[in-house]
Amino acid sequence: MNAAQAPDEPHVKATQVRHDITENWNAKSQQEKIDATEGLMEDLEDHHENKALASHNVLINAFHDICTTLDSVTQTLATLSARTGCHTALITVWGDLDHCNHPYVYLSDDCVSDFFQLALKETPSNFATHLEGYCTSGITGVVCN
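Residues numbered from 1 in each chain as written. Predicted model: local features only at pLDDT ≥ 70, side-chain atom pairs only at ≥ 80, totals over all residues. Heavy atoms only, no water.

Enquirer: Help me out: how do you make sense of the overall build of the protein in this one?
Expert: In terms of helices and strands, the protein carries six helices and two strands. In the protein, the succession of α and β elements from N to C terminus is α-α-α-β-β-α-α-α. A globule of 145 residues ought to have a C-alpha radius of gyration of about 15 Å, yet the protein, at 27 Å, is considerably larger. Seen through its C-alpha atoms, the protein measures out along the principal axes to roughly 80 × 40 × 20 Å. Counted over contacts in the protein with a minimum sequence separation of 6, partners at least 24 positions apart contribute 40%. Accessible area of the protein: about 11000 Å², with a carbon and sulfur share of 57%. (Helix = DSSP H or I, 4+ residues; strand = E, 2+ residues; numbered from the N terminus. Rg over C-alpha atoms; globule rule 2.2 N^0.38 Å. Contact = heavy atoms within 4.5 Å. Areas by Shrake-Rupley, 256 points an atom, 1.4 Å probe, with all protein chains shown as cover.)

Okay, here's the thing in structure tokens:
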């Protein structure tokens, strides 16, 4: 159906033609329905079996989820700062060594970075590294970093 559409035309959605699809399906005999879905049902069952038995890489999924979410949050904070003039610091670290993400630091402007330097005598990146060390291994991680 969408293959016949011109490239610049919007795709037809199933919800737009569901009544036609239902009428067409209901007009088929039971054997026609079986013939139409036989190969597809086997593929679907194989897919379900493979998905159930496959090893899932939760860490990679978490990595992509973290990156996507932080990108979205960063965009939202940048927009908020531009619109309202508020100052924002976002520091994200992980609490275990299994994650392959680095500490993430977002600062809305130089004023926030200057505060870290003046008040904590630390760059935001160094602060994030120390925070991650503490979250992963307690006080030992802070002393060693």
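Enquirer: When you look at the environment of lysine 33 in this model, what are you seeing that I'm missing?
Expert: Structurally, lysine 33 can be placed in helix H2 (residues 30-53). Sequence-distant contacts of lysine 33, defined by excluding residues within four places in its chain, comprise Trp25 and Lys28.

Enquirer: Honestly, the state of the cysteines in this entry has me stumped. Any pointers?
Expert: Cysteine pairs can be covalently joined through their sulfur atoms, and such a bond is termed a disulfide. Tallied over the full model, the rule gives zero disulfides. Left without a disulfide partner, cysteine 111 is nearest to the cysteine sulfur of cysteine 86, which lies 12 Å away. Of the residues examined, cysteine 111 reaches a relative accessible area of 47% and is grouped as partly exposed. (Disulfide = S-S within 2.5 Å. Buried < 20%, exposed > 50% of the residue type's maximum accessible area, 1.4 Å probe, protein only.)

Enquirer: What am I meant to see in the packing of aromatic side chains here?
Expert: When we look at a pair of aromatic rings, we describe it by the centre distance and by the angle of the planes. What the rule picks out here adds up to two aromatic pairs. Ring centres 6.4 Å apart and planes at 80° place the aromatic pair phenylalanine 115 and phenylalanine 116 in the edge-to-face group. The exposure class assigned to phenylalanine 116 is buried, which follows from its relative accessible area of 8%. Every member of this aromatic cluster is reached through a ring pair, and the members are Phe115, Phe116 and Phe127. (Phe/Tyr/Trp six-rings, centres within 6.5 Å; stacked < 30°, edge-to-face > 60°.)

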